[in-house]
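# A closer look at the structure
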Amino acid sequence: MEPAVPGGAAPAAGPAAGGRVLVVEDEADLAFLLAQNLRQEGHQVDTAGSLRAARAALEVARPDLLLLDVGLPDGSGLDLLAGMRARGDYTPAVFLTARTDEADRLAGFAVGGDDYVTKPFSMAEVVARVAAILRRARQGAQARYLGAGFSVDFDRFLLERDGRAHALTYLEAELLRYLVLRPNEAVSRNELLDRVWGTDRFPTTRTVDTHVLNLRKKLEPDPAQPRHLLTVHGTGYKFVP
Ligand code: CA
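Being a predicted model, the structure only gives us computed values, none of them experimental.

### A closer look at the nonpolar core
Side chains of nonpolar character tend, in soluble globular proteins, to be buried together. Of all hydrophobic cores here, the largest spans 25 residues; its most connected members are Val152, Leu175, Leu176, Leu192 and Leu229. Among the secondary structure elements, those contributing two or more residues to this core are β9 (150–153), α6 (170–180), α7 (189–197), α8 (205–219) and β14 (236–239). Sort the elements by how many residues they give to this core and α6 lands first, with seven residues. Excluding anything up to four places from it in sequence, Leu229 contacts Leu176, Leu179, Val212, Leu215, Arg216, Leu219, Glu220, Lys238 and Phe239. Membership of the second largest hydrophobic core comes to 19 residues, among which are Leu34, Met123, Val127 and Leu134.

### Some remarks on the sheet that holds strand β10 (residues 158–161)
In spatial order, the strands read β8-β9-β10-β11; together these four strands make up an open sheet with antiparallel pairing. Among the strands making up the open sheet, the edge pair consists of β8 (144–147) and β11 (164–167). For this sheet the average axis-to-axis angle between neighbouring strands, irrespective of direction, equals 15°. Sheet analysis places β9 next to β10, joined by four bridges and oriented antiparallel. The residue bridging Phe150 from the neighbouring strand is Arg161, located in β10. Contacts from α8 reach β9, β10 and β11, with the element oriented near 45° to β10.

### Observations regarding the packing of aromatic side chains
Counted according to the given criterion, the structure contains three aromatic pairs. Measuring from centroid to centroid gives 5.7 Å for Tyr145 and Phe239, while their planes differ by 85°, and the two rings are edge-to-face. Taken as a pair, Tyr145 in strand β8 and Phe239 in strand β14 lie far apart in primary sequence, 94 residues in all. Neither residue differs from the other here; Tyr145 and Phe239 are each classed as buried. Aromatic side chains Phe150 and Phe239 sit 6.4 Å apart centroid to centroid with 85° between the ring planes, which places their arrangement in the edge-to-face category. In this pair, Phe150 is assigned in strand β9 and Phe239 in strand β14, connecting sequence segments 89 residues apart. Judged by relative accessible area, which is 0%, Phe239 ranks as buried. A connected cluster of aromatic rings, assembled from ring pairs, spans Tyr145, Phe150 and Phe239. It is Arg182 that lies over the ring of Tyr178; its NZ or CZ is 3.6 Å from the centre.

### So, α7
Arg189, Leu192, Leu193, Arg195, Val196 and Trp197 are the residues of α7 that are buried. Taken together, the buried residues of α7 touch β1 (20–24), β2 (44–48), α6, β12 (187–188), α8 and β14. Note on α7: the residue one or two positions beyond its end, Gly198, has a positive phi of about 90°.

### Let's talk about the coordination of the calcium ion
Those protein atoms acting as donors to the calcium ion are Asp26 (OD), Asp69 (OD) and Gly71 (O), and they sit at 2.2 to 2.4 Å. With a relative accessible area of 35%, Gly71 lands in the partly exposed category.

### Structural notes on the packing of α7 against α8
The N-to-C vectors of α7 and α8 enclose an angle of 80°; their axes lie 9 Å apart at closest approach. The orientation of α7 with respect to α8, classified from their angle, is roughly perpendicular. Each of Arg189, Asn190, Leu192, Leu193 and Trp197 in α7 lies in contact with α8, whose residues at this interface are Thr205, Thr207, Val208, Asp209 and His211. Along the lines of polarity and charge, the residues of the contact of α7 with α8 split into four nonpolar, four polar and two charged.

### Some details on the environment of Ala98
Tracing the sequence through the fold places Ala98 in the loop between β6 (93–97) and α4 (102–110). Sequence separation of Ala98 and Phe121 is 23 residues, and the distance between their C-alpha atoms is 9.5 Å.

What counts as what
Residues numbered from 1 in each chain as written. Predicted model: local features only at pLDDT ≥ 70, side-chain atom pairs only at ≥ 80, totals over all residues. Heavy atoms only, no water. Core = buried A, V, L, I, M, F, W, Y, C linked by side-chain atoms within 4.5 Å. Buried < 20%, exposed > 50% of the residue type's maximum accessible area, 1.4 Å probe, protein only. Helix = DSSP H or I, 4+ residues; strand = E, 2+ residues; numbered from the N terminus. Contact = heavy atoms within 4.5 Å. Pairing = 2+ DSSP bridges. Axes fitted to C-alpha atoms, helices over the stretch in contact; angles between N-to-C directions. Phe/Tyr/Trp six-rings, centres within 6.5 Å; stacked < 30°, edge-to-face > 60°. Lys NZ or Arg CZ within 6 Å of the ring centre and 35° of its normal. Donors = N, O, S within 2.8 Å, 3.2 Å for Na, K, Ca; no water. Parallel < 35°, antiparallel > 145°, perpendicular 65-115°, else oblique. Nonpolar A, V, L, I, M, F, W, Y, C, P; charged D, E, K, R; others polar.

Structure representation (structure tokens):
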């Protein structure tokens, strides 16, 4: 089932069209409304009401995008992002700022923010910016992958190996894209179900295995002896470049 799309907006491209969004906002009503609207668009949303809660949430799950209030009870959202950027974390971030001051907006960009909205904002505006930034992040970094002996064009669902083109299904392409972006990292079947299939579908972990087997036939010179898509026993899979 596709997620419901309110307000006649363009339909989501598929189960992986949504991203994982961390909303860092101490006004509980606003955080609730943001989370509700983003979920309606197919995003997975976590919320944090302070810097401390945000840091704890970031340790548990890596978001695709941060919505970050500047004025938080235990400090500034600017500092949180500055710290992430200093560690080489380039997760896209949109600042929610109550101020209209130019200096504050520039400060957001200076610490590596991707965009900002000024309170009070419309939910439609925030939702549209989130969609645009997620789309940009996907297209910029993930449209193509060049590996040793193979290449993948995720937008055209094509995998080429040894001069032969193999068509990928949408889910095969999204599964491969997810693993390729996390080289050498063991990813659990449940995480793959959650992030690739999405929460609106109810496949079993066997579904992941079936898709990996099909991908191996296209990607691996010898699917019985995989070199790139490896099984991590008791966990799931990892991609080895
Ligand atoms: Ca605030």
